[in-house]
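# Summary of structural features
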Amino acid sequence: NDVITFRSADSIVTHRIIEDRPDSYITKGDANNTADLTPTLKSDVIGKVVLVIPGIGKFIEYLRTPLGMLCLVAVGFALIEIPYYIQTNRKR
């Protein structure tokens, strides 16, 4: 039941393993009713899902919007300027 990412023709696919064979896996997408027609060779596997952070995809999509990018720039600016501001006030 592991979720893996693998190369399939000219694309990258992420599916769940439903059967483990000696040199390949039978996989199935969670949104599909049937298993993939072609077995996935173990050598084509790029990686395995080890951690899922709920909502991180929505956060990343937000950062890709104009307002999200503006927030990202503002946070970066604050991280640079706040230490300078604190140091300047300590000298007074």
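So, a few notes on the structure that sits alongside this text. These figures come from a predicted structure and were not determined experimentally. (Residues numbered from 1 in each chain as written. Predicted model: local features only at pLDDT ≥ 70, side-chain atom pairs only at ≥ 80, totals over all residues. Heavy atoms only, no water.)

## Describing the overall build of the protein chain
Under the convention used in this document: Only DSSP runs of H or I reaching four residues or more are called helices, and only runs of E reaching two or more are called strands; each is numbered from the N terminus. For the radius of gyration, the atoms used are the C-alpha atoms, and the globule rule reads 2.2 Å times the number of residues raised to 0.38. Only the protein chains shown count as cover for residues, with accessible areas throughout obtained via the Shrake-Rupley method and a probe of 1.4 Å.
Each helix and strand counted, the protein chain has 2 helices and 5 strands in total. Secondary structure of the protein chain in N-to-C order comes out as β-β-β-β-β-α-α. Expected size for 92 residues packed as a compact globule is a radius of gyration near 12 Å; at 22 Å, the protein chain overshoots this value by more than 25%. Here the protein chain has roughly 7700 Å² of accessible surface; of this, 61% comes from carbon and sulfur atoms.

## Topic: the environment of arginine 7
Test applied: When accessible area is computed with a 1.4 Å probe and restricted to protein chains, residues below 20% of their type maximum are described as buried, those above 50% as exposed, and intermediate ones as partly exposed. Throughout, a residue-residue contact means that at least one pair of heavy atoms, one from each residue, lies within 4.5 Å.
With respect to the helices and strands, arginine 7 occurs in strand β1 (residues 3-8). The class of arginine 7 is exposed, set by a relative accessible area of 52%. Setting aside anything within four residues of it in sequence, one finds arginine 7 in contact with Ile12, Asp44 and Ile46.

## Thoughts on a nonpolar patch on the surface
Formally: Nonpolar side chains (Val, Leu, Ile, Met, Phe, Trp, Tyr) within 5 Å and like charges within 9 Å form the patches, drawn only from residues with over 30% relative accessible area and no salt bridge. When a carboxyl oxygen of Asp or Glu lies within 4 Å of a side-chain nitrogen of Lys or Arg, that pair is called a salt bridge.
Side chains of Val50, Leu51, Ile53, Ile56, Phe59, Ile60, Tyr62, Leu67 and Leu70 sit close together on the surface and give an oily, nonpolar patch of about 920 Å² of accessible area. Among the secondary structure elements, those contributing two or more residues to the nonpolar patch are α1 (56-63) and α2 (66-91). Ranked by residue count, the leading element in the nonpolar patch is α1, at 4 residues. Relative to the helices and strands, leucine 51 is located in the loop between β5 (45-48) and α1.

## Quick look at the pairing of β1
Definition in use: The pairing criterion for strands is at least two bridges between them, as found by DSSP.
Across 6 bridges, the pairing between β1 and strand β2 (residues 11-20) is antiparallel. By the bridge assignment, phenylalanine 6 is partnered in β2 with valine 13. Across 3 bridges, the pairing between β1 and β5 is antiparallel. Of the residues in β5, the one forming a bridge with phenylalanine 6 is valine 45.

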